[in-house]
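Below are the chains, spelled out letter by letter.
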Amino acid sequence: MKGVILAGGLGTRLYPLTKITNKHLLPVYDLPMIFYPLKTLINAGITDIMIVTGGNNAGDFLRLLGNGKEFGLKHINYTYQEGEGGIADALSLAEYFSDKEPICVVLGDNLIERNIVEAVRDFERQRQGAKILLKEVPDPERFGVAEIENGSLISIEEKPAKPRSNLAVIGIYMYDNRVFDIVKTLKPSGRGELEITDVNNAYIRQGQMTWGMLDGWWTDAGTFESLVRATILVSQTGANNL
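Rules behind the numbers
- Residues numbered from 1 in each chain as written.
- Predicted model: local features only at pLDDT ≥ 70, side-chain atom pairs only at ≥ 80, totals over all residues.
- Heavy atoms only, no water.
- Helix = DSSP H or I, 4+ residues; strand = E, 2+ residues; numbered from the N terminus.
- Contact = heavy atoms within 4.5 Å.
- Polar contact = N/O pair within 3.5 Å; in protein donor to acceptor, adjacent residues only side chain to side chain.
- Buried < 20%, exposed > 50% of the residue type's maximum accessible area, 1.4 Å probe, protein only.
- Arc of directions from axis to C-beta.
- Expected span 1.5 Å × (residues − 1).
- Salt bridge = Lys/Arg side-chain N within 4 Å of Asp/Glu carboxyl O.
- Pairing = 2+ DSSP bridges.
- 1 Å grid on protein atoms, 1.4 Å probe; cavity = no way out; pocket = protein on both sides within 12 Å on 5 of 7 lines; lining within 4 Å.
- Points joined across faces, edges and corners; volume = space filled by probe spheres on them.
- Nonpolar A, V, L, I, M, F, W, Y, C, P; charged D, E, K, R; others polar.
- Phe/Tyr/Trp six-rings, centres within 6.5 Å; stacked < 30°, edge-to-face > 60°.

Chemist: Would you take a moment to explain the environment of Thr-210 for this structure?
Modeler: Here Thr-210 shows up in strand 12 (residues 209-213). Spatially, the C-alpha atom of Thr-210 lies 8.3 Å from that of Ser-152, the residues being 58 residues apart in sequence. Ignoring anything within four residues of it in the chain, the contact list for Thr-210 reads Gln-126, Ala-130, Lys-131 and Ile-132. Among the polar contacts made by the side chain of Thr-210, one reaches the side chain of Gln-126 at a distance of 2.7 Å.

So this is what it looks like as structure tokens:
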């Protein structure tokens, strides 16, 4: 399995911090934000990794990470997303890199307390389709929200005004290679973006989406409030614990 970290976008919710740098290069406690999703993948045994970035500061990733020697990697791949076309649009840039292998996608501003080792192993045994991870949150209206019925995932609603559950879809997704064909069928949402929720719902309709609950805390770090929360959580417990 290969890994893809989506670290593009303009980070407007963190302006003016992002006026001079990419959001994913901002510090979370004692490390740059991008270090955390990298470690998430590496802890799960995924070492063939591509970073999708964008904006005016994309070159800073290369200066910071190089070829990944600091993480025990032999190589890191990079590609560039022009503009803000959404998560699914950014993912489409990894099609050539994936080379028909399954992929694990991590949003670059997502941090977890523990690891996804078992989830990745379960998906490898699954062999086809997709897998997502869920977490109970107090503010599900900020996220894609999963609806579970009799143990089955029946739908995901993006940022609903009246969430049907408190189960947020965290920013870690596992897909077979058909994901790129699905992305090509998507139409822009009302936000003018290709939504990852539409990708996930396509797999649900095909009956090929599985799900699991994440152990430990999870947070994004894309707003001032969540950036502070991420820093406090990491300072208290660390992140990416095995």
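The rest of the description comes next.
Chemist: What is the right way to look at helix 5 (residues 117-126) in this model?
Modeler: An α-helical turn contains 3.6 residues, so a residue and the one three or four places further along point in the same direction. Those residues of helix 5 that fall on the buried side of the exposure criterion are Val-117, Ala-119, Val-120 and Phe-123. Taken down its axis, helix 5 places every buried residue within 165° of arc, on the same side. Packed against the buried residues of helix 5 are helix 1 (35-43), strand 8 (130-136) and strand 11 (167-175). One or two positions beyond helix 5, positive phi appears at Arg-127, with a value near 75°.

Chemist: Can you walk me through unusual backbone geometry in this structure?
Modeler: Trans peptide bonds make up most of the peptide bonds, and negative phi angles are found at most residues other than glycine. Here the amide bond leading from Tyr-15 into Pro-16 is cis, since omega sits at 10°, within 30 degrees of zero. Checked against the element boundaries, Pro-16 lands in the loop between strand 1 (2-7) and strand 2 (27-28). For Asp-99, which is not glycine, the phi torsion reads 50° and is therefore positive. Within the element layout of this structure, Asp-99 appears in the loop between helix 4 (95-98) and strand 6 (103-107).

Chemist: What's the story with helix 8 (residues 224-237) in this structure? I'm lost.
Modeler: The first and last C-alpha atoms of helix 8 sit 20 Å apart over 14 residues, in line with the 20 Å expected at 1.5 Å per residue. Within the span of helix 8, buried status applies to Ser-226, Leu-227, Ala-230, Leu-233 and Val-234. Each buried residue of helix 8 sits inside an arc of 130° when the element is viewed along its axis, so together they form one side. Across from the buried face of helix 8, at angles greater than 90 degrees, the exposed residues are Glu-225 and Gln-236. Those residues of helix 8 that are buried lie in contact with strand 2, helix 1, strand 7 (110-112) and strand 13 (218-220).

Chemist: Explanation requested: the pattern of salt bridges in the structure shown.
Modeler: Oppositely charged side chains are able to pair whenever their charged atoms sit close together. Counted according to the given criterion, the structure contains 13 salt bridges. Across the pair Arg-121 and Glu-118 runs a salt bridge whose closest N-O atoms are separated by 3.1 Å. Note that Arg-121 and Glu-118 are positioned in helix 5 at a spacing of 3 residues, about one turn of the helix. A single network of salt bridges, built from pairs that share partners, joins Asp-139, Arg-142 and Asp-220.

Chemist: Just checking my understanding: could you explain the pairing of strand 8 for this structure?
Modeler: The two faces of the sheet receive side chains in turn, since in a regular strand these alternate between them. Burial analysis of strand 8 places 6 of its 7 residues in the buried class, the great majority of the element. Pairing geometry for strand 8 and strand 11, over 6 bridges, is antiparallel. By the bridge assignment for strand 11, Leu-134 is matched with Val-169. Bridge analysis of strand 8 against strand 12 gives 5 bridges, and the strand direction is parallel. For Ile-132, the partnering residue across the bridge sits in strand 12 and is Trp-211.

Chemist: Would you mind going over the layout of surface pockets with me for this structure?
Modeler: In this approach the atoms are scanned with a rolling probe the size of a water molecule, which exposes any empty space left behind. Estimated volume of the largest pocket: approximately 890 Å³. Along its surface, the largest pocket is lined by 39 residues, and Arg-13, Lys-23, Ile-87, Leu-107 and Asp-109 are the ones closest to its centre. Looking at the lining of the largest pocket, the element that brings in the most residues is strand 11, giving 4 residues. When its residues are assigned to classes, the lining of the largest pocket shows 12 nonpolar, 16 polar and 11 charged.

Chemist: Help me out: how do you make sense of the packing of aromatic side chains in this one?
Modeler: Aromatic rings considered in pairs are described by the distance between their centres and by the relative angle of their planes. One pass over the structure, following the stated rule, counts 4 aromatic pairs. Plain terms: the ring middles of Phe-35 and Phe-71 are 5.0 Å apart, the flat faces sit at 70° to each other, and that makes the pair edge-to-face. Taken as a pair, Phe-35 in helix 1 and Phe-71 in the loop between helix 2 (59-65) and strand 5 (77-81) lie far apart in primary sequence, 36 residues in all. A relative accessible area of 17% means that Phe-71 is categorised as buried. When the ring of Tyr-173 is compared with that of Tyr-175, the centres are 6.1 Å apart and the planes differ by 15°; the resulting orientation is stacked.

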